[in-house]
Amino acid sequence: MLSSTARERLTRIGATLFERGWLSSNNILITGSSGASALIDSGYCTHADQTVDLVEKGLGGRRLGLLLNTHLHSDHCGGNAALQRRHPALQTLIPSGSAEAVRLWDTEALSYASTGQQCPRFTFNGVIRPGEKLRLGDWTWEVHGAKGHDPHAIVPLAPWTSHVQ
């Protein structure tokens with residue numbers, strides 16, 4: 001569970017953490033003064049309705065403009081399709097190394113078939129690569145590779161995060 005101090009720090013930078021149970025990843029909603037908001041990861045498909053509800057409440061009337069997947073294990077992107085239905089103009093970015101598997105909807109390459117997990121088919125508008133910069137909320141984030149858990153995983157990092165009081 002996230003400490004109250006950590007939650008306060010997230011709030012100061014316009015981020016809300018949705019802590020999820022098994023089998024869903026936590027999600028981070030980032031809002032800013034510039035209009036559109038961004039969600040990092042979308043949870044598992046059996047929790048998709050809950051994800052949509054949490055996002056809607058967190059948005060507080062703002063527009064969800066971007067969905068960023070850190071990697072494409074089903075517990076991180078299972079809510080993508082539901083969010084894309086709810087927000088038709090939503091831009092979805094995925095790690096570049098997974099693009100062909102999503103384009104072909106190759107459930108073996110995406111690990112859904114071999115793990116017996118579900119993930120409703122979704123689309124993407126672009127890819128993200130380590131070394132790129134990305135605007136999330138009011139901040140520019142660096143994209144870093146996070147190989148290990150998934151060979152194509154990325155993690156957004158705000159260079160100032162270690163200095164947030």
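Model, not experiment: these values are computed from the prediction.

I would appreciate a short explanation of the pattern of salt bridges in the present structure.
Considering all chains together, one arrives at four salt bridges under this definition. Arg-86 is the salt-bridge partner of Glu-56, the closest N and O atoms lying 3.1 Å from each other. Of this pair, Glu-56 sits in helix α2 (residues 48-59) while Arg-86 sits in helix α4 (residues 80-86), and the two are 30 residues apart along the sequence. Among the residues examined, Glu-56 registers a relative accessible area of 25% and is labelled partly exposed. For Arg-86, a relative accessible area of 43% corresponds to the partly exposed category.

Where do I start with unusual backbone geometry in this structure?
A negative phi angle characterises most non-glycine residues, just as the trans form characterises most peptide bonds. In this structure, Asp-41 takes a positive phi of about 65° despite not being glycine. Topologically, Asp-41 is positioned in the loop between β3 (37-40) and α2. Given the relative accessible area of 4%, Asp-41 is considered buried. If you check the backbone angles, Trp-105 has positive phi at about 50° while not being a glycine. Along the chain, the position of Trp-105 falls in the loop between α5 (99-104) and α6 (112-115). Classification of Trp-105 by relative accessible area gives buried; the value is 15%.

Rules used in this analysis
- Residues numbered from 1 in each chain as written.
- Predicted model: local features only at pLDDT ≥ 70, side-chain atom pairs only at ≥ 80, totals over all residues.
- Heavy atoms only, no water.
- Salt bridge = Lys/Arg side-chain N within 4 Å of Asp/Glu carboxyl O.
- Helix = DSSP H or I, 4+ residues; strand = E, 2+ residues; numbered from the N terminus.
- Buried < 20%, exposed > 50% of the residue type's maximum accessible area, 1.4 Å probe, protein only.

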